[in-house]
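Take a look at the letters that make up each chain.
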Amino acid sequence: MTVGVRRYCAAVIDLHTHSACSDGSDTPTELAARAAAAGLTAIALTDHDTTASHDEMAAACDRHGVELVAGVEVSLRDTTVTRRDADGNEHPINVHVLAYFAPMDPASALQRALADLRFDREARNRELVDLLVSMGFTRLTLPYLVDLAGRVDTIGRPHFARAMTELHPEIVGPAGPDSTSRIFAEWLGTGGRAYIPKTERTIEEFVSAGAGDGVVFSIAHPLLNYGLEDHESIAVRGPGLFSSLRDRGLTGVEAYYGGTTAETRRVVLKVTRDVGMVPTGGSDYHGTYKPDVALAKGRYGDLHVPDEVLVELKSARN
Ligand code: AMP
Ligand code: ZN
Ligand code: FE
Ligand code: FE
């Protein structure tokens, strides 16, 4: 009974969230209010390739008494792994990496690396519009996407999915709870007909840009990144994949990921601890862009990221 009460009262944090400065729908101010209402003691806002949300989020978190961890999520090439397609051809893969305690100085190496990644994102976005138009999405335009996302270098594939649904329901079907995942499976996702990798910049390059500034890195949603589809493949391939990332300067593995079930999280947690890494966690909340994912609670409503992992992350800073 006592244990149950303690578990219920344990402080809960969320270290993976998106705002309208990338492909979430909440402004940083709205997100901070939602974090307070959800009872979070700490939150990391991890927009894609940008920390533009930071100042507004810091002020709002201050008002609500929620600790803010300066974060960002980036897509990077993992040169040690390839993906085999249905025809047996090998392709390079990109994975998502979370960076915590990011410096805000625009002259810092990490901020310059983020600017490079936004440059690559903008180029990908322009290319992807052209490709989709050539595939029949003739009403899709860059200004339409900018209207959803704010800027060319903050457009993400969820904005593309929304625009494709709004402009071309005759191709992708009407809006519904599974329309985004259908569009990713057929068009935008890895291996889809219109998949364009965002960047060739590597994990090693990005990690070295954080050196000396106390940045701590964690591999985001490792199962999605590496195609670990069941518990057996996590147990078999996980130790080698995670320890290789550890040797390349990553501290954490996002073991408490909001898109996975409690049972799967336990399997990832064990492999993370076995290789001496810190389990990080978060919901990957995107507001209306991922309506089935709740802040703090994830897709299945049972996510609890313990605040102790933040203490561990802080002590890994150097
Ligand atoms: P981008 O930053 O443009 O590469 O888009 C990445 C975003 O697309 C991620 O943050 C996810 O929110 C979303 N995403 C990636 N894969 C999928 C998928 N299979 N289904 C739905 N959303 C996805
Ligand atoms: Zn996203
Ligand atoms: Fe991601
Ligand atoms: Fe994310």
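Heads up: the structure comes first, above all this text.
Being a predicted model, the structure only gives us computed values, none of them experimental. (Residues numbered from 1 in each chain as written. Chains lettered and ligands numbered in written order. Predicted model: local features only at pLDDT ≥ 70, side-chain atom pairs only at ≥ 80, totals over all residues. Heavy atoms only, no water.)

Caption draft 1: Representation of the overall build of the chain in the model. Scanning the chain from N- to C-terminus turns up 13 helices and eight strands. On C-alpha atoms alone, the chain measures out to a radius of gyration of 19 Å, which is about the 20 Å that the 2.2 N^0.38 rule sets for 318 residues. Once the C-alpha set of the chain is aligned to its principal axes, its extents read approximately 60 × 45 × 45 Å. Taken across its 318 residues, the chain has 52% of its residues classed as buried. If you sum the accessible surface of the chain, you get close to 14,100 Å²; carbon and sulfur atoms cover 53% of it. Distance between charge centres in the chain, computed from 32 positive and 44 negative side chains, equals 2 Å. (Helix = DSSP H or I, 4+ residues; strand = E, 2+ residues; numbered from the N terminus. Rg over C-alpha atoms; globule rule 2.2 N^0.38 Å. Buried < 20%, exposed > 50% of the residue type's maximum accessible area, 1.4 Å probe, protein only. Areas by Shrake-Rupley, 256 points an atom, 1.4 Å probe, with all protein chains shown as cover. Lys, Arg positive; Asp, Glu negative; His and termini not counted. Charge placed at Lys NZ, Arg CZ, Asp CG, Glu CD.)

Caption draft 2: Examining unusual backbone geometry more closely. Unusually for a residue other than glycine, Asp49 sits at a positive phi of about 65°. Residue position: Asp49 is located in the loop between β2 (40-45) and α3 (54-64).

Caption draft 3: Molecular detail of empty space enclosed by the protein. Tallying each qualifying case throughout the model produces one cavity of 30 Å³ or more. Roughly 60 Å³ of internal volume is contained in the largest cavity. Surrounding the largest cavity, Leu45, Thr51, Ser53, His54, Met57, Leu68, Val69, Ala70, Gly71 and Met104 form its lining. Put simply, the parts of the chain that give the lining of the largest cavity at least two residues each are α3 and β3 (67-84). Grouping the constituent residues of the lining of the largest cavity by class yields six nonpolar, four polar and no charged. (1 Å grid on protein atoms, 1.4 Å probe; cavity = no way out; pocket = protein on both sides within 12 Å on 5 of 7 lines; lining within 4 Å. Points joined across faces, edges and corners; volume = space filled by probe spheres on them. Nonpolar A, V, L, I, M, F, W, Y, C, P; charged D, E, K, R; others polar.)

Caption draft 4: Summary view of the coordination of the zinc ion (ligand 2). Those donors, Asp23 (OD), Asp23 (OD), His48 (NE2) and His286 (NE2), are the protein atoms that reach the zinc ion (ligand 2), and they lie 2.1 to 2.6 Å from it. In terms of primary sequence, the donors binding the zinc ion (ligand 2) are separated according to D-x24-H-x237-H. The exposure class of Asp23 is buried, given its relative accessible area of 4%. (Donors = N, O, S within 2.8 Å, 3.2 Å for Na, K, Ca; no water.)

Caption draft 5: Expanded view of the nonpolar core. In this structure, Ile203, Phe206, Phe217, Ile219, Tyr226, Phe242 and Leu250 are the most contacted members of the largest nonpolar core, which totals 34 residues. In this view, Phe206 contacts Val74, Leu76, Ala99, Leu110, Ala113, Leu114, Leu117 and Phe217; residues no more than four positions away in its chain are not counted. One finds Val129, Ala149, Val152 and Leu188 within the second-largest nonpolar core, a separate group that totals 21 residues. (Core = buried A, V, L, I, M, F, W, Y, C linked by side-chain atoms within 4.5 Å. Contact = heavy atoms within 4.5 Å.)

Caption draft 6: Layout of the pattern of salt bridges. A full pass over the atoms with the stated rule returns 20 salt bridges. Among the salt bridges present, the one from Arg201 reaches Asp120, with a minimum N-O distance of 2.7 Å. Pair noted here: Arg201 is in the loop between α8 (179-188) and α9 (203-209) and Asp120 is in helix α4 (residues 109-134), with a separation of 81 residues, a long-range link. Under the relative-accessibility criterion, Arg201 is labelled partly exposed at 25%. The shortest N-O distance in the salt bridge between Arg182 and Asp178 comes to 3.9 Å. When its relative accessible area of 41% is taken as the criterion, Asp178 is described as partly exposed. (Salt bridge = Lys/Arg side-chain N within 4 Å of Asp/Glu carboxyl O.)

Caption draft 7: Layout of the site of ligand 1. Around ligand 1, the structure places Asp23, His48, Arg121, Arg124, Gly156, Arg157, Pro158, Phe184, Lys198, His286 and Lys290. Contact between ligand 1 and Arg157: an oxygen atom at 2.8 Å from a main-chain N or O atom of the residue. Considering ligand 1 on its own, with 490 Å² of exposed area, one finds that the protein chains cover 78% of that surface. Residue assignment for the shell around ligand 1 shows that the elements contributing at least two residues are α4 and α6 (157-167). Looking at side-chain class alone, the shell around ligand 1 contains two nonpolar, three polar and six charged residues. (Near = heavy atom within 4 Å. Polar contact = N/O pair within 3.5 Å; in protein donor to acceptor, adjacent residues only side chain to side chain.)

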